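Working through the structure, step by step
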Amino acid sequence: MTDVVLPCRNEAPALPGLLARMPAGYRAIVVDNGSTDGSAAVARACGAEVIAVAEPGYGAAVHAGVLGADPDDGVLCVMDADGSFDPAQLPAMVRPVRDGEAELATARRRPVGRGVWPWHARAGNALLARRIRRTTGLRVHDIGPMRAVRRADLLALGLRDRRFGYPLELLIAAGRAGWRVTEIDVDYLPRAAGTRSKVTGTTLGTARAIRDMSRVLAR
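Residues numbered from 1 in each chain as written. Predicted model: local features only at pLDDT ≥ 70, side-chain atom pairs only at ≥ 80, totals over all residues. Heavy atoms only, no water.

Side note on the pattern of salt bridges
Evaluation of the coordinates by the stated rule reveals 8 salt bridges. Notably, a salt bridge pairs Glu49 with Arg27, separated by 2.5 Å at the nearest N-O pair. Note that Glu49 is positioned in strand 3 (residues 49-52) and Arg27 in strand 2 (residues 26-32), a separation of 22 residues in sequence. Take Arg27: its relative accessible area is 29%, and that puts it in the partly exposed class. Here Arg110 and Asp185 are joined by a salt bridge, their closest N and O atoms 3.4 Å apart. Here Asp185 lies in strand 7 (residues 181-188) and Arg110 lies in strand 5 (residues 104-111), a separation of 75 residues in the sequence. Under the relative-accessibility criterion, Arg110 is labelled partly exposed at 37%. (Salt bridge = Lys/Arg side-chain N within 4 Å of Asp/Glu carboxyl O. Helix = DSSP H or I, 4+ residues; strand = E, 2+ residues; numbered from the N terminus. Buried < 20%, exposed > 50% of the residue type's maximum accessible area, 1.4 Å probe, protein only.)

If you want it as structure tokens, here you go:
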């Protein structure tokens, strides 16, 4: 069984369809990060394990999910819970890690239609990825929120960021640790109706993400 950590804040409309598409042998762990729309109850009704974490922030939710994952299984996945990724593509993420070809597999988003990935978000992502390539040597082009990694390896990195800077810190730490990192093309789908991006969906969310990532880069 491969655990899939799904950080979640107000994603109730997306969860039924997302959890129904989870591949056989993959167990969903929905980490509820202060939802007010009943996301936790929806996830439980769909058969997912639910972990509640009071500390706000994407990194806090992911970290809680990693701690709650099966310590004996080895490889785990992290994926957004907003319906923008297809769980059917998780096995392709897991394979290089499970086969010993890489320590980390991370997604390279390929939008399936116009407007899926706003230009300003794509441009900011490209700038960050270029900086990662320059500073770590990793051949990555996306700071993507979908990844596969061995649980023990991830915890050993000692990541500290508990907000939006978590994915960026992971890549920087992986590069410094000499990890082999592979990028897998995945479909980037429209978010489920009734959900909103925590980063690009609001001006405040964008400002917080920039602040958190700037702090990680300044370390």
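Observations regarding the sheet that holds strand 7
Spatial strand order, 3-2-1-4-6-5-7: 7 strands in an open sheet with mixed pairing. Edge positions in the sheet fall to strand 3 and strand 7, since each of these pairs with one other strand and no more. If you compare each strand with its neighbour and ignore which way they point, the axes differ by 25° on average. Alignment of strand 4 (residues 75-79) against strand 6 (residues 146-150), held across 5 bridges, turns out to be antiparallel. Bridge assignment links Met79 to a residue of strand 6, and that residue is Met146. Those strands touched by helix 4 (residues 90-98) are strand 1 (2-8), strand 2, strand 4, strand 5, strand 6 and strand 7, and its axis lies near 30° from that of strand 6. (Pairing = 2+ DSSP bridges. Axes fitted to C-alpha atoms, helices over the stretch in contact; angles between N-to-C directions. Contact = heavy atoms within 4.5 Å.)

Examining the packing of aromatic side chains
Overall, the coordinates contain 2 aromatic pairs when judged by the stated rule. Judged by centre distance (6.4 Å) and plane angle (70°), the rings of Tyr58 and Tyr166 are edge-to-face. Remark: Tyr166 occurs in helix 7 (residues 166-176) and Tyr58 occurs in helix 3 (residues 58-68); sequence separation between them is 108 residues. Each member of the pair, Tyr58 as well as Tyr166, is classed as buried. Between Phe85 and Tyr188, the ring centres sit 5.5 Å apart and the planes meet at 35°, which makes this aromatic pair tilted. Of this pair, Phe85 sits in the loop between strand 4 and helix 4 while Tyr188 sits in strand 7, and the two are 103 residues apart along the sequence. (Phe/Tyr/Trp six-rings, centres within 6.5 Å; stacked < 30°, edge-to-face > 60°.)

Observations regarding the packing of helix 5 (residues 119-136) against helix 7
In a packed pair of helices, the relevant descriptors are the angle between the two axes and the axis-to-axis distance. Taken N-terminus to C-terminus, the directions of helix 5 and helix 7 make an angle of 20°; their axes are 10 Å apart at the nearest point. By the criterion of interaxial angle, the relationship of helix 5 to helix 7 is roughly parallel. For the crossing formed where helix 5 meets helix 7, the hand is right-handed. In this structure, helix 5 contributes Leu128, Ile132 and Thr136 to the contact, and helix 7 contributes Leu168, Leu171, Ile172 and Gly175. By residue class, the composition of the contact of helix 5 with helix 7 is 5 nonpolar, 2 polar and no charged. (Parallel < 35°, antiparallel > 145°, perpendicular 65-115°, else oblique. Left-handed = near helix turned anticlockwise from the far one by under 90°. Nonpolar A, V, L, I, M, F, W, Y, C, P; charged D, E, K, R; others polar.)

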